[in-house]
Structure formats: structure tokens, C-alpha cells
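This is what each chain is made of:
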Amino acid sequence: MHEHDDNRQNALPKVPNTVPNTLSSPILHAQHAMKSLDLPLVKTARGTVQLPGSKSISNRILLLAALATGNTHIHSLLASDDTEHMRDALGILGVRITQTGANDYCVTGSQGRFPTQSADLFLGNAGTAFRPLVAVLSLMQGHYRLAGVQRMHERPIADLVDALRQLGADITYLGNAGFPPLEIKPVKTGLSQQHAITVKSDVSSQFLTGLLMALPLTGKAATITVTGTLISQPYIALTLAQMEYFGVRVEHRDWQQFTLPARQLYRSPGTITVEGDASSASYFLAAGAIGGGPVRVQGVGHNSAQGDVRFAHALEKMGAQITYGDNWIESRAAQPRSSNPHLQAIDLDCNHIPDAAMTLAITALFAEGVTTLRNIASWRLKETDRLSAMAHELRKLGATVEEGSDCLRITPPASGLTSGATIDTYDDHRMAMCFSLASLGVAVRIHDPACVSKTFPEYFDEFARLVHI
Ligand SMILES: O=C(O)C1=C[C@@H](OP(=O)(O)O)[C@@H](O)[C@H](O)C1
Ligand SMILES: C=C(OP(=O)(O)O)C(=O)O
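Source: prediction; values computed, not measured.

1. Observations regarding the nonpolar core
Then step 1. Of all hydrophobic cores here, the largest spans 78 residues; its most connected members are Leu360, Met390, Leu394, Leu397, Ile410 and Phe435.
Then step 2. With 9 residues, the top contributor of residues to this core is helix 8 (residues 278–290).
Then step 3. Residues contacting Met390, with those up to four places away along its chain left out, are Met358, Ala361, Ile362, Trp379, Leu408, Met431, Cys434 and Phe435.
Then step 4. Ala65, Leu93, Val107 and Ile224 belong to the second largest nonpolar core, which has 74 residues in total.

In C-alpha cells form, the structure reads like this:
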């Protein structure tokens, strides 16, 4: 196995460093290596942000390009921990990936079979790398071990393994049953000829995504039936859209049954540009709604393939003004910032936007009334138990928070946010990014700001450029 020191998880509160109370970008940058970051109270947010590439699209495209026939030129790939884990893993598997520009790569496809038939892979806490790679490697008839950070070893994978075992895959749990790390061995008698399988999809949609991406490798027709309720459905639509770019069409019946015709092989589309990350966009759009705006995010627009663009609809329901272009979205407060609070609470089923919904929890602090976010049980199984972490940290800012098994009810404090709170981030990039928005109401200290490197290493620099004291 590869050795990595990236083993942070659910970080316990740390002793904060004393850092200057400033938001000038170079100083923020210097603080990334520090244990905490002090954000002063800022009054407004205004400007334009060029979004980094989408994590979900980047990792899908890397894998599909690696499996395809031909060279794929990828532009605007996300540079972050999660995509680095995917790139490193594919490199170890013998796939040639050449960097051709700052965020541009050329991937030489391996025509459905990775050159390296035996490897140990370390995938950090990247669900979009771990789950699809387990599925693909299970059909490669090689010998592989896949591991991650401790938190990845606490994130369930049994539903995917159970589905792959229906195909005859030989997968062993190396630690606790149902969780990574895993070992995949070749199947001496060959994989099963039976290609009607079921997959339970109420814990993570990434299991179904992995199966969908892997099954064309068999060359046989296949049917996947979803059991349990499919969660995070827009990510499945995203998977099908990316597969189609690579020449593989999947029919589906109401997102419950998926049919893959025989002999569909992945073919490189030639050149592909990754859209900006819609989940990362949510922090800036919320900043525009809370801090007056206008804030424009560039890189995603009204016809984006990513489900999290629908975060903008939720902001609109809260009273923000949203405008769209082909490749941008802009938010602003409907009324002047001085007429606080200018946003209203919402009651929303957030199953379709599990990541961006976290941003709504912070936006709720600036809205009038009680915000209820429903159908978000999956939060408990992500980078940390996000339901409990979010409730705990929101209370530090004075909010009253009811934490249900799959929902959160947030009442902002009647007499303003509590100043000077130290926010723990639990090695969860989204906790750090979300809570930066609290600085539009009070000064806050963010512990371990560097955890944003999972999906957005430059986040605090971009945030600093946008907000004004
Ligand atoms: O397929 C994807 O790209 C993702 C699916 C979602 O996970 P779940 O399906 O586990 O909700 C989401 O939270 C994750 O950040 C990315
Ligand atoms: C849940 C997330 O990541 P992962 O892809 O590891 O599931 C996330 O980015 O919010």
C-alpha cells in the first residue's frame, strides 16, 4: 500500500493560532498552513468568481477517458485532493495521463482493460474515486486493494459490493464487513453470465453510478434494478450524460430500471471541457444573496448538467434575485442589505441537492423565520456526520437547531449572531466553506481551513476577493 500522511478525520478542536484580523488575500494564503483562520465581520459581497472544474464531472471523465478507446483531451479539470486521488490511481493502473496545460490533460484510453493487473490504491476520502473504481476493477480480473483515510473506512460500501457479487466478483472486506478497505481478486471460473442485477441505492447514489460506468466493460447487455429509494438522483443523470459523451447510451424507466445494450464500448469524444463546480458555486451565490451582491459565478449556467445548480432556485425561494446566462449565474439581494433580514426561511426537501443544501443551512441564519431542510439522512455518511456537525456549529453562532434523524430545523438567534465563535470543520471541506459565510454577520474563527483542498484548494482566496469590510 502507498503511505500517506493525509489521515486527518473528524478533526478534534485544535488550539487556535493567533492570526491577524484581516481579509487581504496574500495574508489569507499564508494562513492556509495554519491551524485556524480568523474572518472579520464583512459587510458586503460583490464581484465575479471563475469556478474551478466540477469534482463530479472531473472524476467521471477521468475514469471514462481511461477506459475508452483513443486519446481524450480534458480542459479545466478540477485540481484538488479528490481528483488527484483519481489521477494517481489511474496512473498506478498503467493509464497514461499527460498534463498539457495548467488544468488540461491528455488521457490515453486503455480500451476497457487497465495495463496493470495488480495494484494497491489509496483514495483518501474521495467517494467519486473509490466507489466507481471498486466497480470497474471488480470486472477487470486483476488483483487490487483499495484503501482510504479512516473516515473513508467508516463510509458504507456493502450495497455496491453486494451488487457486484451478483456478477460473481470476488471482493473481500479487509477491515470491518461492509466498509473499505477492500481486496478484489480475479475470478478463476470467470464472471457470471447473469447480467440482471439489483442495487440498493438509498445510502448513496455513487453505488449505482459505479455499476453504470462499469457494466459496459462486460460487453454484454445488462439490466440494473434499483431497490430502496434512489437518493441524490441528479448525480445519476450526470453519470448517464457523461457516459453518453463517451458513446454509451443507457435507457431507464423512472430511474428505477436501467438497461445497457450489449457491445457498447467507450469511445473518446476527442476534447471535453469540464463545467465549473455547481456545489462550489453555492457559497458565492449565497454570499451575493446575503451580502447584497451582485455576485456572478462563471463556469455553470442555466443548462448545466449538475443537479446543484438547483441551489439557485432555493435561494430564489428565500427571496434572492437570480439571473442566468449560458455559462454564468448571478445572485443579489432583492432589497438593500440595510433592510435586514431580507431573506425568508424555507421548508425544502433537499434530497436532490445533498451537497449544496449545507449552504442553505448557513443562509438560514440570515433569513426571517424557521428554515427546515428535509430528507438529508445521507449527510450522516459523508465526510463527517454532517447533520450533527452542522447542528453543533450553528448553535455556536446562537441559532436554535433541532436535529432530526434526516432533517434540520434552524431558527436564527433573535438578537443577532454570536460573535467570535470558533468553528470546527471535522475535516469536511463543506463545513469550512459554509461557515465562511457567517462572517457576513459576525467575526468567526475557522479551524483547519486547509480541509477545503478536498474540492476547492483556493476557496478562501476567492472568498477574500469577493467580500468587503
Ligand atoms: O456522484 C457524485 O458525484 C456525488 C454524489 C453525491 O453523493 P451521494 O450519492 O452519496 O449522496 C454527492 O454528495 C457527492 O459529493 C458527489
Ligand atoms: C460527499 C462529498 O464527497 P464524496 O464524493 O467523497 O462523497 C462532498 O463532496 O460533499
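2. Re the site of ligand 1
Then step 1. All residues adjacent to ligand 1 are Lys55, Ser56, Arg60, Thr128, Ser204, Ser205, Gln206, Ser232, Tyr235, Asp355 and Lys382.
Then step 2. For ligand 1, an oxygen atom lies 2.6 Å from a polar atom in the side chain of Ser232.
Then step 3. If ligand 1 stood free it would expose 390 Å²; the protein chains cover 96% of that surface.
Then step 4. When residues of the shell around ligand 1 are assigned to their parent elements, the largest contribution, 3 residues, is made by helix 2 (residues 55–67).

3. Considerations on the packing of helix 2 against helix 4 (residues 127–138)
Then step 1. Helix 4 packs onto helix 2 with a crossing angle of 25° between their chain directions and a minimal axis gap of 10 Å. The angle between the axes of helix 2 and helix 4 places the two elements in the roughly parallel class. Handedness of the helix 2/helix 4 crossing: right-handed. Counting all contacts with helix 2, which are made through Lys55, Asn59, Leu63 and Leu67, the residues of helix 4 involved are Thr128, Ala129, Pro132, Leu133 and Val136.

4. What to know about the state of the cysteines
Then step 1. All chains considered together, the criterion is met by 0 disulfides.
Then step 2. This cysteine, Cys451, is not joined by any disulfide, and Cys434 carries the nearest cysteine sulfur, 11 Å off.
Then step 3. The buried category is assigned to Cys451, whose relative accessible area is 3%.

Conventions used here
Residues numbered from 1 in each chain as written. Chains lettered and ligands numbered in written order. Predicted model: local features only at pLDDT ≥ 70, side-chain atom pairs only at ≥ 80, totals over all residues. Heavy atoms only, no water. Core = buried A, V, L, I, M, F, W, Y, C linked by side-chain atoms within 4.5 Å. Buried < 20%, exposed > 50% of the residue type's maximum accessible area, 1.4 Å probe, protein only. Helix = DSSP H or I, 4+ residues; strand = E, 2+ residues; numbered from the N terminus. Contact = heavy atoms within 4.5 Å. Near = heavy atom within 4 Å. Polar contact = N/O pair within 3.5 Å; in protein donor to acceptor, adjacent residues only side chain to side chain. Areas by Shrake-Rupley, 256 points an atom, 1.4 Å probe, with all protein chains shown as cover. Axes fitted to C-alpha atoms, helices over the stretch in contact; angles between N-to-C directions. Parallel < 35°, antiparallel > 145°, perpendicular 65-115°, else oblique. Left-handed = near helix turned anticlockwise from the far one by under 90°. Disulfide = S-S within 2.5 Å.

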